[in-house]
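# Understanding the architecture of this molecule
Here's the letter readout for the chains.
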Amino acid sequence: MTSLRTLPWPGQDSAARNPRIRPGGDQGPAGSRARLSRPLAFAAIAAIALLFTATSAAPSPLYVVYQQEWGFSATMLTVIFGVYAIGLIGALLTLGALSDHVGRRPVLGLAIGLEAAALVLFLLAADVPVLLLARFVQGVATGAAITTLGAALVDLNPPHAPGRARLINSIVPTTGLALGSLGSGALIQFAPAPTRLVYALLLAGMAAAAVAVAVMPETAARRPGAVASLAPRLAVPARVRAEFYALVPITVSCWALGGLFFSLGPSDAASLFGLTSHLIGGLVVTLLCGAGAVTTFAVRRWPAGRILTMGAVVFIAGTAVLLGGVQAGSAGLAGAGTLVAGVGFGACFLGSFGALSQMAGPGERSELFAVGYVIAYLSLSLPTVLAGLASTSFGLRSTTLGYGAAVSVLGLVALGAQRVTARRAGVSGPVS
C-alpha cells in the first residue's frame with residue numbers, strides 16, 4: 001500500500017508539467033532579478049496562504065454581531081455564508097489553471113486585489129446586501145489564490161527538503177481556519193470597533209502580501225492557452241469512478257459539519273449554552289479546525305486507507321459526543337465532542353484528497369481535484385443553508401440535533417463504502 005505523505009492542493013504538480021520553468025532562477029517579466037530570494041519567497045508564499053485561509057474564517061465569529069445589529073434570521077446568516085462557497089467554486093473552476101499560462105505573480109496579484117476589495121466592503125458594510133457582496137468577492141479571491149499558492153510553493157520548494165511544500169499545503173487550510181476564527185473572536189471580545197478592526201488588520205496583511213508578491217521571483221513561464229484554461233473542466237476517469245464515489249459520503253459528511261460550525265457554530269454556543277463571549281464563538285471553529293490541523297500533521301505518513309477509516313470512525317464518535325452535549329445542554333461535553341470530531345475532520349480532509357492524488361493518472365490530477373473541491377464546498381454551503389431554513393421553523397437545538405444525526409449516518413455510509421472498495425481492491429484501504 002502506498003504511504004500518504006502530505007496533501008497536495010489542486011495545481012501543485014503544475015511545475016513538474018511545465019518544462020519551461022527554470023528551477024534555479026527568476027522569471028520576472030523582463031528577465032530581471034527579483035529582490036526576494038527563493039527561500040524567502042517560499043516562506044512568504046506559505047505566510048500568504050495562511051493569511052488567505054485565516055481571512056476566510058474571520059467573519060464567522062462576527063455573524064452573531066451582525067445578526068444582533070441588523071436583525072436578520074438564521075436563514076439569511078447561512079445564505080451569507082453560502083455565497084462565499086459559490087464564489088470560491090466558480091473561481092476554482094475558471095481560474096484554477098490560469099497561473100500555468102500567465103504566471104504565478106499576476107494571478108496572485110489579482111487574488112490579493114480582490115481580497116483587499118472584499119475587506120474594504122466588510123469595513124463599509126452597514127446592511128446585508130453589502131455583506132453578501134463582500135463574502136462573494138472573498139470567495140472568488142480565495143478560489144483564485146489557493147491553487148496558485150499551492151503551485152508556487154511546489155515551484156519554490158527547496159531541493160534539500162523535497163516534501164516541504166506538500167507538508168505546508170496539507171496543514172495550512174485547517175491551521176488558517178483555526179487561527180482566523182480564534183483571532184477574530186479575541187478581537188471582537190477584547191478590542192474596540194468589533195466589526196471593523198479585524199478587517200483593517202487583515203487589509204494591512206494583504207498590503208504586505210502584495211509587496212511580497214511584487215518582489216518575489218516568477219516561477220512559471222508564460223505559455224499559450226490562457227483563455228482556453230478559463231473553461232470549467234470537471235472529469236472523473238471511468239477506471240476510478242467506483243473508488244471516487246466511495247469517497248463522496250465522507251467528504252460530504254465532514255465538510256457539511258464544518259459548514260455548520262463556520263456559519264451557525266457561534267450562534268449555537270450563545271443560544272444553546274448561554275456562552276455569549278465572542279472569544280468562545282471563535283473557539284468553536286478553532287476546536288474543530290485546530291484538532292484537524294494537528295491530526296493532519298500527525299498522520300501524514302499513514303496509508304490513505306488507514307487515514308480514511310480512522311477518520312470516519314473518530315468523526316462519527318466525536319459527532320455522537322457533540323450531539324450528546326447539545327441534548328444535555330452541556331457545553332463541556334459538546335466541546336469535547338467537537339475536539340474529537342475535529343480529529344476525524346482533519347484525517348478525512350487529508351485522506352480523501354490524498355486518495356484522489358493516488359488514483360489520478362498523469363494529467364488527471366487537476367481535474368479530479370477540481371471535482372473533489374466542488375463536492376467539498378457544495379457540502380460546506382448547501383446543507384448549512386437548509387439548516388438555516390430549518391432553524392427558523394424548528395429552532396437551533398432541534399436543527400443541530402437533526403443535522404448532526406444526518407452527518408453521522410453519512411459517516412456510517414462512508415465506512416461501508418470504504419469496506420466495499422477495500423474488498424474489491426483486495427487491500428485494506430481504498431487505494432494501493
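Residues numbered from 1 in each chain as written. Predicted model: local features only at pLDDT ≥ 70, side-chain atom pairs only at ≥ 80, totals over all residues. Heavy atoms only, no water.

## Describing the overall build of the protein chain
Across its full length, the protein chain holds 15 helices and 0 strands. Looking at the 432 residues of the protein chain, the share that counts as buried comes to 57%. The contacts in the protein chain between residues at least 6 apart in sequence include a share of 85% that link residues at least 24 apart. Carbon and sulfur atoms form 69% of the exposed surface of the protein chain, whose accessible area is close to 16,000 Å². (Helix = DSSP H or I, 4+ residues; strand = E, 2+ residues; numbered from the N terminus. Buried < 20%, exposed > 50% of the residue type's maximum accessible area, 1.4 Å probe, protein only. Contact = heavy atoms within 4.5 Å. Areas by Shrake-Rupley, 256 points an atom, 1.4 Å probe, with all protein chains shown as cover.)

## Quick word on the packing of helix H6 (residues 128-155) against helix H7 (residues 164-190)
For the pair H6 and H7, the least separation of the axes is 8 Å and the interaxial angle reads 155 degrees. Classified by the interaxial angle, the pair formed by H6 and H7 is roughly antiparallel. Of the two elements, H6 crosses H7, and the hand of that crossing is right-handed. Listed contacts from H7 to Gly150, Leu153 and Val154 of H6 are Ala165, Ile168 and Asn169. The residue makeup of the contact of H6 with H7, split by class, is 4 nonpolar, 2 polar and no charged. (Axes fitted to C-alpha atoms, helices over the stretch in contact; angles between N-to-C directions. Parallel < 35°, antiparallel > 145°, perpendicular 65-115°, else oblique. Left-handed = near helix turned anticlockwise from the far one by under 90°. Nonpolar A, V, L, I, M, F, W, Y, C, P; charged D, E, K, R; others polar.)

## Examining the packing of aromatic side chains
The tally for this structure, following the rule as stated, stands at 11 aromatic pairs. A ring pair is formed by Tyr66 and Trp70, whose centres lie 4.9 Å apart and whose planes are at 25 degrees; its orientation type is stacked. With a gap of 4 residues between them, Tyr66 and Trp70 both fall in helix H2 (residues 63-70), about one helical turn apart. The class for Trp70 is partly exposed, based on a relative accessible area of 24%. Relative to Tyr377, the ring of Tyr373 lies with its centre 6.0 Å away and its plane at 20 degrees, an arrangement referred to as stacked. Pair noted here: Tyr373 and Tyr377 are both in helix H14 (residues 365-394), with a separation of 4 residues, about one helical turn. When sorted by exposure, Tyr373 lands in the same class as Tyr377, which is buried. Through pairs of rings, three or more aromatic residues link up here, namely Trp255, Phe345, Phe349, Phe353, Tyr373 and Tyr377. Against the face of Trp302 rests Arg306, its NZ or CZ located 3.9 Å from the ring centre. (Phe/Tyr/Trp six-rings, centres within 6.5 Å; stacked < 30°, edge-to-face > 60°. Lys NZ or Arg CZ within 6 Å of the ring centre and 35° of its normal.)

## Some remarks on the confidence of the model for the protein chain
Looking at the protein chain, pLDDT values average 84 and 88% of them are 70 or higher. Averaged pLDDT values for the elements of the protein chain fall to 84 in H14 and rise to 97 in helix H8 (residues 197-215). Predicted confidence for residues 1-32 stays below pLDDT 50, and this span has 102 contacts to residues more than four positions away or in other chains. Note that pLDDT drops below 50 for residues 427-432; the model gives that stretch 23 contacts with residues more than four away or on any other chain. (pLDDT = per-residue confidence, 0-100.)

## A closer look at the packing of helix H1 (residues 38-57) against H8
At a closest axis distance of 10 Å, the pairing of H1 and H8 adopts a crossing angle of 150 degrees. Classified by the angle between their axes, H1 and H8 sit roughly antiparallel to one another. Between H1 and H8 lies a crossing of left-handed hand. Of H8, the residues touching H1 (which contributes Ala44, Ile48, Leu51, Phe52 and Thr55) are Leu202, Gly205, Met206, Ala209, Ala212 and Val213. Here the contact of H1 with H8 is composed, by residue class, of 9 nonpolar, 2 polar and no charged.

## Quick word on the side chain of Thr338
As for its placement among the helices and strands, Thr338 is situated in helix H13 (residues 331-359). Overall, the relative accessible area of 5% leaves Thr338 in the buried class. Setting aside anything within four residues of it in sequence, one finds Thr338 in contact with Phe261, Val284, Leu287, Leu288 and Leu322.

## Describing H6
The end-to-end C-alpha distance of H6, which contains 28 residues, comes to 41 Å, matching closely the 40 Å that a straight helix rising 1.5 Å per residue would cover. Most of H6 is tucked away, with 22 of its 28 residues classed as buried. The backbone nitrogen of Val130 has a side-chain oxygen 3.3 Å away, supplied by the residue at the start of H6, namely Asp127. (Expected span 1.5 Å × (residues − 1). Polar contact = N/O pair within 3.5 Å; in protein donor to acceptor, adjacent residues only side chain to side chain.)

## Some words on the nonpolar core
Among soluble globular proteins, nonpolar side chains are generally buried collectively. In this structure, Phe52 and Tyr377 are the most contacted members of the largest nonpolar core, which totals 112 residues. Per-element accounting of this core gives the leading share, 13 residues, to helix H10 (residues 241-273). When neighbours within four sequence positions are excluded, Tyr377 is seen to be in contact with Ala85, Leu88, Ile89, Leu92 and Trp255. By size, the runner-up hydrophobic cluster in this structure holds 5 residues, among which are Val299, Ile307, Met310 and Leu350. (Core = buried A, V, L, I, M, F, W, Y, C linked by side-chain atoms within 4.5 Å.)

## Remarks on the environment of Gly96
With respect to the element layout, Gly96 can be found in the loop between helix H3 (74-95) and helix H4 (99-102). Sequence-wise, Gly96 and Thr148 are 52 residues apart; in three dimensions their C-alpha atoms are separated by 7.2 Å. Excluding residues that lie within four positions of it along the chain, Gly96 makes contacts with Ala91 and Thr147.

## A few points about unusual backbone geometry
The phi dihedral of Ala193 is positive, around 50 degrees, even though this residue is not glycine. One can find Ala193 in the loop between H7 and H8.

## So, H10
Residues three or four positions apart in an α-helix share a direction because the helix packs 3.6 residues into each turn. For H10, the principal kink sits at Leu264 and spans about 65 degrees; a proline, Pro266, occurs within the next four residues. Where burial is concerned, most of H10 is hidden: 24 out of the 33 residues are buried. Looking one or two residues past H10, Gly274 carries a phi angle of roughly 70 degrees, positive in sign. (Bend = angle between axes of the 7 residues up to and from the residue.)

## What to know about the pattern of salt bridges
Overall, the coordinates contain 2 salt bridges when judged by the stated rule. Linking Asp100 and Arg104 is a salt bridge whose minimum nitrogen-to-oxygen distance equals 2.8 Å. With a shortest N-O distance of 2.7 Å, Asp155 and Arg104 are connected by a salt bridge. Linking Asp155 in helix H6 with Arg104 in helix H5 (residues 104-124), this pair joins segments that are 51 residues apart in sequence. The network of salt bridges with shared partners includes Asp100, Arg104 and Asp155. (Salt bridge = Lys/Arg side-chain N within 4 Å of Asp/Glu carboxyl O.)

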